[in-house]
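Architecture and fold: a report
For reference, the chains in residue letters:
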Amino acid sequence: MRGLLCWPLPVLLFLLQPWETLSQFAGPRCRTGPLDLVFVIDSSRSVRPFEFETMRQFLVGLLRGLDVGPNATRVGVIQYSSQVQSVFPLGAFSRREDMERAIRALVPLAQGTMTGLAIQYAMNVAFSVAEGARPPEARVPRIAVIVTDGRPQDRVAEVAAQARARGIEIYAVGVQRADVGSLRAMASPPLDEHVFLVESFNLIQEFGQQFRGRLCAIDHCGFGNHSCQHECVSTFGGPRCRCREGHDLLPDGRSCQARDLCNGVDHGCEFQCVSEGLSYRCLCPEGQQLQADGKSCNRCREGHVDLVLLVDGSKSVRPQNFELVKRFVNQIVDFLDVSPEGTRVGLVQFSSRVRTEFPLGRYGTAAEVKQAVLAVEYMERGTMTGLALRHMVEHSFSEAQGARPRALNVPRVGLVFTDGRSQDDISVWARRAKEEGIVMYAVGVGKAVEEELRQIASEPAELHVSYSPDFGTMTHLLENLRGSICPEEGIGAGTELRSLCECESLVEFQGRTLGALEKLTQNLAQLTARLEDLENQLATQK
C-alpha cells in the first residue's frame, strides 16, 4: 500500500532474539541536535496486556538509541484511552534511566480510544513551555509519535491539522487493527514518510530498529551535495531544502520560486488580490472604493437593520468548531455598517439554556462587536432552539435591549445558526417571530435538520435558508447572506432614518403639512355650511 511502511511476517525469525540483543545491532547512539519528542501511546482496552508490554519495550529500545539530555533530545510520554494521562513531561527527566523506570511502571488505562483528545492534549499541554518544551523562538523541532492499534472514537483530522499548523511534526504508527484512513488524517506530509503500518505487536520491536534511523537527525547538509538552491536544513526526517522569505519550494525539492502571496495566504480580499514582492494588496471593481479594513469593497450603507444572531453553543458543536462559528459571525459583521444610527447587532447563545452575550444597544462600532464576539465563552450541553427563539421574540428585539421603536420602521432581522436537531418544539416561536415582523434566516451546518431550518426561516425558504456540510466550509455562505441582509441589496432596501433638520426632510415635511392643512380647511368649510343650515332650520321652526 503506497504511503505505508509494512513489515512481513518472516521478520519474526529475527525477533526470536531478546530485545537487549537487538539493541546491540542499532549501532552508535544518535547525536541529534535539540529535539522535543513526545510519544502518544494508545492504552485502550483493545491493547492486550502482552501487547502493551511489547509496546513498553519498543519505547525503552528507542530511548536507548537517542541522545537524551536538556540540550539534546527531550522526551515526554503520554498515554490515552477515554482520557489522557501524562506519564512524564518533556522537562521531567534528563537521564535515560529515569525515563525507562517511569515507562516500566506504566499502567494501561484500558478504556476507549479518544485519539483526537490525546492530540489536543499534546498540542496544548505536552508541548507547552510549562511542561518543558523549548519556546517557539528557539526553533527546536517538535515531534509527536502516535502509536495506536484501532479506530479513533472521536474526530482527529481537525485537531491534527491545528497541531501541524502550530509546527508539530506528527508521525502516525498503526499496529495490527489500526485504521489507515485515520493514520493518514493525523500524519504530517509527505505521508509516505510519516505514516507507518506494522502488522502485529510482535513486529513492533523490529520496526523500532528501522524507525530509530528517522529519529537520528544526521546533518546531511554538511556533506555539501544537497543541491538546494537557497538553503539546506537538517530536520527530524532528514535533510530538507528551504527557500528564502517570499519564495516557495518547487516539487523537485531543491529549486525555489518567488511566491504569489495571494495563492499562499488567506488574504480575505473581497474582489481581487495582487502580489507585490513580499506583500500583497486588495483591489476593488471600478467605481467601488476599498474600505478601511483594506479588504472589503463596499458595505451595507444605504439602510439600517436591527440584527440579532442566535448561535448554537451545544456540546455537538465542539470547542474548535465554536471558534470557527465566532470567526464566521465576525465575517458577517465585516460587511455591516455598524453604528447607533446604522446597523445594530446583538448576539444570543443557546444550549440547554439561553444567554444574551450582548444586546442590540450595547456596541456602536464593528470593532467593538467583533471583540465582544471573540470573548464569548462556549456553553456546551443541549440544543433548545425553541427556547432561544422565544427569548429573541420576547426580549432581544425590545426597546430596553436596544431595538429601535417600530414607528421608525427599521427592519428586524434574526439569524439562527445551528448544527443539529432541536430538543424542544420550535414551531410556536418560529411562527410568532414572523408574526412579529422579524425577518428570519436559518444557517445549518453538519447534522442540522432541513425541515427545522425551513420552519425557522421566512419565505421563500430558498432565500432564507443556508446550509454547509461542515464548519470548515461555512465561508461560502457569506455572499448569500450578504445579498440578503445588506439593506441596499435585500430586505431593508430603501429604508433610511433622516434628521428632520435635513433640507430634503424639511421640504417633504412642509409638503405633507400643507396638504393636511388644505384638507382640514375643506372639512371646516363643509362643517360651517352644515351648521348654517341647522341654524336656518331652527329659526324657521320658531
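Definitions and cut-offs
- Residues numbered from 1 in each chain as written.
- Predicted model: local features only at pLDDT ≥ 70, side-chain atom pairs only at ≥ 80, totals over all residues.
- Heavy atoms only, no water.
- UniProt positions renumbered as here; feature names shortened; annotations may be inferred.
- Helix = DSSP H or I, 4+ residues; strand = E, 2+ residues; numbered from the N terminus.
- Buried < 20%, exposed > 50% of the residue type's maximum accessible area, 1.4 Å probe, protein only.
- Contact = heavy atoms within 4.5 Å.
- Areas by Shrake-Rupley, 256 points an atom, 1.4 Å probe, with all protein chains shown as cover.
- Disulfide = S-S within 2.5 Å.
- Pairing = 2+ DSSP bridges.
- Axes fitted to C-alpha atoms, helices over the stretch in contact; angles between N-to-C directions.
- Right-handed = clockwise from strand over helix to strand, strands pointing away.
- Parallel < 35°, antiparallel > 145°, perpendicular 65-115°, else oblique.
- Left-handed = near helix turned anticlockwise from the far one by under 90°.
- Nonpolar A, V, L, I, M, F, W, Y, C, P; charged D, E, K, R; others polar.
- Phe/Tyr/Trp six-rings, centres within 6.5 Å; stacked < 30°, edge-to-face > 60°.
- Salt bridge = Lys/Arg side-chain N within 4 Å of Asp/Glu carboxyl O.
- Patch = residues over 30% accessible without salt bridge, like charges linked within 9 Å, V, L, I, M, F, W, Y side chains within 5 Å.
- pLDDT = per-residue confidence, 0-100.
- Core = buried A, V, L, I, M, F, W, Y, C linked by side-chain atoms within 4.5 Å.

An unreviewed UniProt entry lists the chain under the name Matrilin 4, with Canis lupus familiaris given as the organism. One UniProt comment on the chain, placed under Subcellular location (unreviewed entry), says "Secreted".

Some details on the overall build of the chain
What the chain contains, in helices and strands, is 18 helices and 18 strands. Taking all 542 residues of the chain together, the buried fraction comes to 47%. Excluding contacts between residues fewer than 6 apart, the proportion of contacts in the chain whose partners are at least 24 apart in sequence is 70%. If you sum the accessible surface of the chain, you get close to 27,500 Å²; carbon and sulfur atoms cover 51% of it.

Looking at the state of the cysteines
Enumeration over the complete set of coordinates arrives at three disulfides. Linked covalently through their sulfurs, Cys 243 and Cys 256 form a disulfide whose S-S length is 2.0 Å. Its S-S torsion of approximately -90 degrees makes the covalent link between Cys 243 and Cys 256 left-handed. Placement of the pair is Cys 243 in the loop between strand 8 (238-242) and strand 9 (247-249) and Cys 256 in strand 10 (residues 256-258), with a sequence separation of 13 residues. Looking at Cys 243, the relative accessible area reads 15%, which means it is buried. Residue Cys 256 is classed as buried on the basis of its relative accessible area of 11%.

A few points about the sheet that holds strand 16 (residues 412-418)
An order of 15-14-13-16-17-18 is seen for the six strands of this open sheet, with the pairing classed as mixed. In this open sheet, the two edge strands, each paired with only one partner strand, are strand 15 (354-358) and strand 18 (465-468). Across the sheet, the mean angle from the axis of one strand to that of its neighbour is 20 degrees, orientation sign disregarded.

Let's talk about the pairing of strand 4 (residues 142-148)
Among the seven residues in strand 4, seven count as buried, and that is most of the element. Here strand 1 (residues 35-42) pairs with strand 4 via six bridges, running parallel. Pairing of Phe 39 across the sheet is with Val 145, part of strand 4. Taken together, strand 4, helix 6 (residues 157-165) and strand 5 (residues 168-175) form a β-α-β motif whose crossover is right-handed.

A look at the packing of helix 5 (residues 115-126) against helix 6
Taken N-terminus to C-terminus, the directions of helix 5 and helix 6 make an angle of 20 degrees; their axes are 9 Å apart at the nearest point. With respect to helix 6, the element helix 5 is oriented roughly parallel. For the pair helix 5 and helix 6, the sense of crossing is left-handed. Contacts between helix 5 and helix 6 pair Gly 116, Ile 119, Gln 120 and Met 123 from the former with Val 159, Ala 160, Gln 162 and Ala 163 from the latter. Each residue belonging to the contact of helix 5 with helix 6 can be placed in one class, and the counts come to five nonpolar, three polar and no charged.

With respect to the packing of aromatic side chains
Two descriptors summarise a pair of aromatic rings, namely the distance from one centre to the other and the angle between the planes of the rings. For the structure shown, the criterion picks out five aromatic pairs. Taking 6.3 Å as the distance between ring centres and 10 degrees as the angle between the ring planes, the aromatic pair formed by Tyr 171 and Phe 196 counts as stacked. Pair noted here: Tyr 171 is in strand 5 and Phe 196 is in strand 6 (residues 195-198), with a separation of 25 residues, a long-range link. What makes Phe 196 buried here is its relative accessible area of 1%. Measuring from ring centre to ring centre gives 5.8 Å for Phe 328 and Phe 417, while their planes differ by 50 degrees; the resulting arrangement is tilted.

Side note on the pattern of salt bridges
Tallied over the entire structure, the rule returns 16 salt bridges. Its salt-bridge partner being Glu 394, residue Arg 390 comes within 3.3 Å of it at the nearest N-O pair. With Arg 390 and Glu 394 both in helix 13 (residues 385-396) and four residues apart, the pair spans about one turn of that helix. On the basis of relative accessibility, which here comes to 39%, the residue Arg 390 falls in the partly exposed class. Here Arg 431 makes a salt bridge to Glu 435, at a shortest N to O gap of 3.8 Å.

Quick notes on the sheet that holds strand 1
With mixed pairing, six strands are arranged side by side in an open sheet as 3-2-1-4-5-6. Two strands bound the open sheet, and with one partner strand each, they are strand 3 (84-88) and strand 6. Each strand of the sheet is rotated relative to its neighbour by a mean of 20 degrees, with strand direction disregarded. Sheet topology places strand 2 (residues 73-80) next to strand 3; four bridges connect them, and they run antiparallel. Paired with Ile 78 across the two strands is Ser 86, which belongs to strand 3. Where helix 4 (residues 96-104) meets the sheet, it contacts strand 2 and strand 3, and its direction lies at approximately 145 degrees from that of strand 3. On top of the sheet, helix 5 reaches strand 1, strand 2, strand 3, strand 4 and strand 5; it is set at about 145 degrees to strand 2, its chief contact.

Quick word on the environment of Arg 139
In this structure, Arg 139 sits in the loop between helix 5 and strand 4. C-alpha of Arg 139 to C-alpha of Pro 34: the two residues are 105 residues apart in sequence and 9.2 Å apart in space.

Remarks on a nonpolar patch on the surface
A surface patch of nonpolar side chains, amounting to about 380 Å² of accessible area, comprises Leu 524, Leu 527, Leu 531 and Leu 534. Locating Leu 531 in the fold gives a position in helix 18 (residues 503-541).

Some details on the confidence of the model for the chain
This prediction gives the chain a mean pLDDT of 79; 76% of its residues lie at or above 70. Considering only residues more than four positions removed or in separate chains, one finds that residues 1-27, a stretch of pLDDT under 50, has 53 contacts. When the criterion is pLDDT under 50, residues 487-509 qualifies, and its contacts beyond four places in sequence or with other chains add up to 42 contacts.

Structural notes on the nonpolar core
Core analysis: the biggest nonpolar cluster contains 35 residues, and Leu 309, Phe 328, Ile 332, Leu 415 and Phe 417 have the highest contact counts within it. Breaking this core down by element, the ones donating at least two residues are strand 13 (306-312), helix 11 (319-334), strand 14 (344-350), helix 12 (366-374), strand 16, strand 17 (438-445) and helix 17 (478-485). Counting residues per element, this core draws most heavily on helix 11, at six residues. Counting residues in hydrophobic clusters, the runner-up holds 29 residues, among them Phe 52, Val 60, Leu 106 and Val 145.

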